[in-house]
There are 2 protein chains.
Amino acid sequence: MPIDSASPITITGYDWVPYFAKGHVRDLRVRWALEEAGQSYRAKLLAQGDQKAPPHRALQPFGQVPTYEEGDVTLFESGAIVLHIAERFGGGLLPADPAARARAIEWTFAALNTVEPPITDYAIATLFEVEEPWSAPRLPAVKARIAERLEELSNRLGDRDWLDGDFSAGDLLMIAVLRMVASDGLLNPYPNLAAYVARGEARPAFRRALADHMAGFTGDPPPGFAEWEAKMKAAEPA
Amino acid sequence: MPIDSASPITITGYDWVPYFAKGHVRDLRVRWALEEAGQSYRAKLLAQGDQKAPPHRALQPFGQVPTYEEGDVTLFESGAIVLHIAERFGGGLLPADPAARARAIEWTFAALNTVEPPITDYAIATLFEVEEPWSAPRLPAVKARIAERLEELSNRLGDRDWLDGDFSAGDLLMIAVLRMVASDGLLNPYPNLAAYVARGEARPAFRRALADHMAGFTGDPPPGFAEWEAKMKAAEPA
């Protein structure tokens, strides 16, 4: 569904993020769920810094995006928003069978509480704290924690298309998490995980969501951020 | 409800963990939810190492506890299990009003995906990797990330008893997460968060769950673990 200024659903994202965050800010997860569910939405894109200002804090106590508003429902936390969209609109994101539904929800938590934390840790070590003296020596331990989780996930996925039966909210969130380390080659030892991510990214709903997510970055970096970004880019391994 | 060998619900935990993990292994979260919902259960307690063996891996792909089994439902991820118990048995863990229910679920994700990751990071730095040369110099950055989240949470909680209306699954998981750093003094700057945790811990359901969780540690440490635990204890700040 297109972005539609008359939609009753409003989400928030950013109008600018550094190059490495484009395609990964969590509004993408919510856009993807809305596309799977066939729902149009409005996207309110914040300038960097505005996420910490009082109006947005009232919606999101941690000063992050995305948020979700529809009528009397105001939510934050992309995992919760994806589940809400799944329950509110269907769209095949949660199975009807109660046991299968519980397992799909289980995979949303596995994505966000078991697989994502070491991946976030990796992003901190390789991006935000890349210049700290402790980051490089610590990186092997961080990568080992990610590899342990990826191997376990690879073993469970096996040759299935999706984690448990049909594509679900659990796959959506797991693929969104795995994508974060795909370009760094961390999925290379697990061809079934790389293929799983590719299957997710090939879904028309994902492609629409990603295109609209990327098209939203029309803002300028705040003062000083362009220099910081250039420095980050220069520090990347070739 | 007492532990009952005739209960249709079986959960898993450990029969031994190091001193610092007692009172914090995630089966406690599930026991607490079952107690709030008035459900008896059986607890199958694994010896250390058995969580990585094939029989348990079949239930839990990441080789962790807890798991939850009832009839044709088999689940892992404590967050998902708590939500399942809330939906299956009620017990006041999720409000009936749809918007309030979505917000309670939102707080379960906030606990596990926003507040817990830096706290897990702190546990790794101060316990499992305490002897690594990078842990001590990095600790101020880890603590700063936790403090940012705690301040934001403290500001949102304000003088409320619970995060959003009555006690919910969101409070249960948030309090379980915050408890992990309470004994290290990290909640001290936030008296309302300390009081919030104390309110949760004073609930009869929590007290029963904690007592049964602690009573389950009747096993012996695996070879080498007692020495490791003694070394960890000796390395703790006075």
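Conventions adopted
Residue indices follow the written sequence of each chain, beginning from 1 at its first position. Both sets of labels track the order of writing: A upward for chains, 1 upward for ligands. Totals for whole chains, interfaces and linings use every residue, but because this is a predicted model, local features are given only for residues with pLDDT of at least 70 and side-chain atom pairs only at 80 or more, for both listing and counting. The basis for the side-chain values is all heavy atoms of the structure; hydrogens and waters are excluded. UniProt positions are given in the numbering used here, feature names are shortened, and annotations may be inferred rather than shown by experiment. Each helix is a run of DSSP H or I of at least 4 residues and each strand a run of E of at least 2, with the numbering of both proceeding from the N terminus. Least-squares fitting of one copy onto the other uses the C-alpha atoms of those residues that reach a pLDDT of at least 70 in both copies. Note on definitions: a residue-residue contact is assigned when non-hydrogen atoms from the two residues lie within 4.5 Å. In this analysis an axis means a line fitted to C-alpha atoms, helices contributing only their contacting stretch, and an angle means the value between N-to-C directions, from 0 to 180 degrees. An angle below 35 degrees is treated as roughly parallel, one above 145 as roughly antiparallel, one from 65 to 115 as roughly perpendicular, and anything else as oblique. In the scheme used here, Gly and all other residues not listed as nonpolar or charged are polar, with Ala, Val, Leu, Ile, Met, Phe, Trp, Tyr, Cys and Pro taken as nonpolar and Asp, Glu, Lys and Arg as charged. Using a 1.4 Å probe on the protein chains alone, a residue whose accessible area is under 20% of its type maximum counts as buried, one over 50% counts as exposed, and one in between counts as partly exposed. Each polar contact in these results corresponds to two N or O atoms within 3.5 Å; when the atoms are within protein, one needs to be able to donate a hydrogen and the other to accept it, and residues that are neighboring in sequence are counted only if both atoms are side-chain atoms. We treat two strands as partners when DSSP finds at least two bridges between them. Handedness of a crossover: with both strands directed away from the viewer, a clockwise path from the first strand across the helix to the second marks it as right-handed. Only the six-membered ring of Trp is used, alongside the rings of Phe and Tyr, when aromatic pairs are assigned; centres must lie within 6.5 Å, and planes under 30 degrees apart are stacked while those over 60 apart are edge-to-face, with the rest tilted. By definition here, charges over rings are those cases where NZ of Lys or CZ of Arg is within 6 Å of the ring centre and within 35 degrees of the ring normal. Domain delimitation follows an automatic or database domain assignment. Buried area is understood as the total, over both parts, of accessible area removed when two parts are fitted together, assessed with a 1.4 Å probe. Helix span, expected: 1.5 Å multiplied by one less than the number of residues in the helix.

### Some remarks on the UniProt feature "domain: GST N-terminal" (unreviewed entry) in chain A
Here the UniProt feature "domain: GST N-terminal" (unreviewed entry) sits at residues 14-93 of chain A. In this annotation, residues 14-93 of chain A is assigned 35% helix and 18% strand; the end-to-end C-alpha distance for the span is 25 Å.

### Examining the relation of the copies chain A and chain B
One copy of the chain maps onto the other through a rotation about an axis plus a displacement along that axis. Superposition of chain A onto chain B requires a rotation of 180° combined with a translation of 0.0 Å along the rotation axis, giving an RMSD of 0.0 Å. Taken together, the rotation and translation describe the operation of a two-fold axis. A high fraction, 100%, of the interface residues of chain A reappear at the interface in chain B, so the copies pair face to face through one surface.

### So, the packing of helix H5 (residues 135-157) of chain A against helix H7 (residues 191-201) of chain A
All names here are of chain A. H7 packs onto H5 with a crossing angle of 75° between their chain directions and a minimal axis gap of 9 Å. Taken together, the axes of H5 and H7 lie roughly perpendicular to each other. Across from Leu150, Leu153, Ser154 and Leu157 in H5, the residues of H7 making contact are Asn192, Leu193 and Tyr196. Residues that form the contact of H5 with H7 fall into these classes: five nonpolar, two polar and no charged.

### With respect to the side chain of glutamate 129 of chain A
Structurally, glutamate 129 of chain A can be placed in the loop between helix H4 (98-128) and H5. Of the residues examined, glutamate 129 of chain A reaches a relative accessible area of 9% and is grouped as buried. For glutamate 129 of chain A, the side chain forms a polar contact with the side chain of tryptophan 134 of chain A, separated by 3.4 Å. The contact partners of glutamate 129 of chain A, leaving out residues within four places of it in the chain, are Ile124, Trp134 and Ser135 of chain A together with Arg138, Ala141 and Arg145 of chain B.

### Looking at the pairing of strand E1 (residues 9-14) of chain B
All names here are of chain B. Burial analysis of E1 places six of its six residues in the buried class, which makes it a mostly covered element. Of the two faces of E1, the one lined by Ile9, Ile11 and Gly13 and the one lined by Thr10, Thr12 and Tyr14 are each fully buried. As paired strands, E1 and strand E3 (residues 67-70) are joined by three bridges and run antiparallel to one another. Bridge pairing in E3 links threonine 10 to glutamate 69. Relative to strand E2 (residues 42-46), E1 runs parallel, the two being bridged by five bridges. Counterpart to tyrosine 14 in the pairing with E2 is leucine 46. For the crossover from E1 across helix H1 (residues 27-36) to E2, the handedness is right-handed.

### Re the packing of aromatic side chains
With the rule as written, the count across this model stands at 27 aromatic pairs over all chains. Between tryptophan 32 of chain B and phenylalanine 206 of chain B, the ring centres sit 4.8 Å apart and the planes meet at 75°, which makes this aromatic pair edge-to-face. Note that tryptophan 32 of chain B is positioned in helix H1 and phenylalanine 206 of chain B in helix H8 (residues 204-215), a separation of 174 residues in sequence. You can call tryptophan 32 of chain B buried: its relative accessible area is 0%. Taking relative accessible area as the criterion, phenylalanine 206 of chain B reaches 2% and is therefore assigned buried. These aromatic residues form a ring-pair network of at least three members: Trp16, Tyr19, Phe20, Phe128, Phe225 and Trp228 of chain A. Taking the ring centre of tryptophan 162 of chain B as reference, the NZ or CZ of arginine 199 of chain B above it sits at 5.8 Å.

### What to know about the environment of threonine 120 of chain A
Along the chain, threonine 120 of chain A turns up in helix H4. For the pair threonine 120 of chain A and aspartate 212 of chain A, spaced 92 residues apart in the sequence, the C-alpha separation amounts to 24 Å.

### Notes on the domain arrangement of chain A
When the parts come together, some accessible area is lost, and that loss is often what is quoted as the size of the interface. All names here are of chain A. Annotation of chain A at the domain level lists domain 1 (9-92 + 206-220) and domain 2 (98-202). Look at where the C-alpha atoms of domain 1 and domain 2 centre, and you get two points 21 Å apart. Each partner contributes to the interface: domain 1 provides 17 residues, whereas domain 2 provides 21 residues. Taken over both partners, the interface formed by domain 1 and domain 2 buries close to 1600 Å², and the fraction arising from carbon and sulfur atoms is 67%. Contact with domain 2 buries area across many residues of domain 1, yet His24, Arg29 and Trp32 alone supply 36% of it, more than any other trio.

### Some points on H8 of chain B
What sets the pattern is the α-helix's 3.6 residues per turn: residues three or four places apart point alike. Taking 1.5 Å per residue, twelve residues should reach 16 Å; H8 of chain B reaches 16 Å between its end C-alpha atoms and fits that length. Where H8 of chain B is buried, its residues contact H1, helix H6 (169-182) and helix H7 (191-201) of chain B.

### Quick look at the sheet that holds E1 of chain B
All names here are of chain B. The strand order E2-E1-E3-E4 describes an open sheet built from four strands, whose pairing is mixed. What marks the edges here is a single partner per strand, and that holds for E2 and strand E4 (73-76). Between one strand and the next, the sheet's axes are offset by a mean angle of 20°, whatever the strand orientation. Seen against the sheet, H1 touches E1, E2 and E3 and runs at an angle of roughly 150° to E1. Against the sheet, helix H3 (residues 78-89) touches E1, E3 and E4, its axis set at about 30° to E3.

### Re the sheet that holds strand E1 (residues 9-14) of chain A
Residue and element names in this part refer to chain A. Spatial ordering of the open sheet is given by E2-E1-E3-E4, a layout of four strands whose pairing is mixed. Edge positions in the sheet fall to strand E2 (42-46) and strand E4 (73-76), since each of these pairs with one other strand and no more. Sheet twist, expressed as the mean angle between neighbouring strand axes with direction ignored, is 20°. Pairing of strand E3 (residues 67-70) with E4, which is carried by four bridges, proceeds in the antiparallel orientation. Each residue of the ladder has a partner; that of glutamate 70, found in E4, is valine 73. The strands that helix H1 (residues 27-36) touches are E1, E2 and E3; relative to E1, the one it contacts most, it runs at about 150°.

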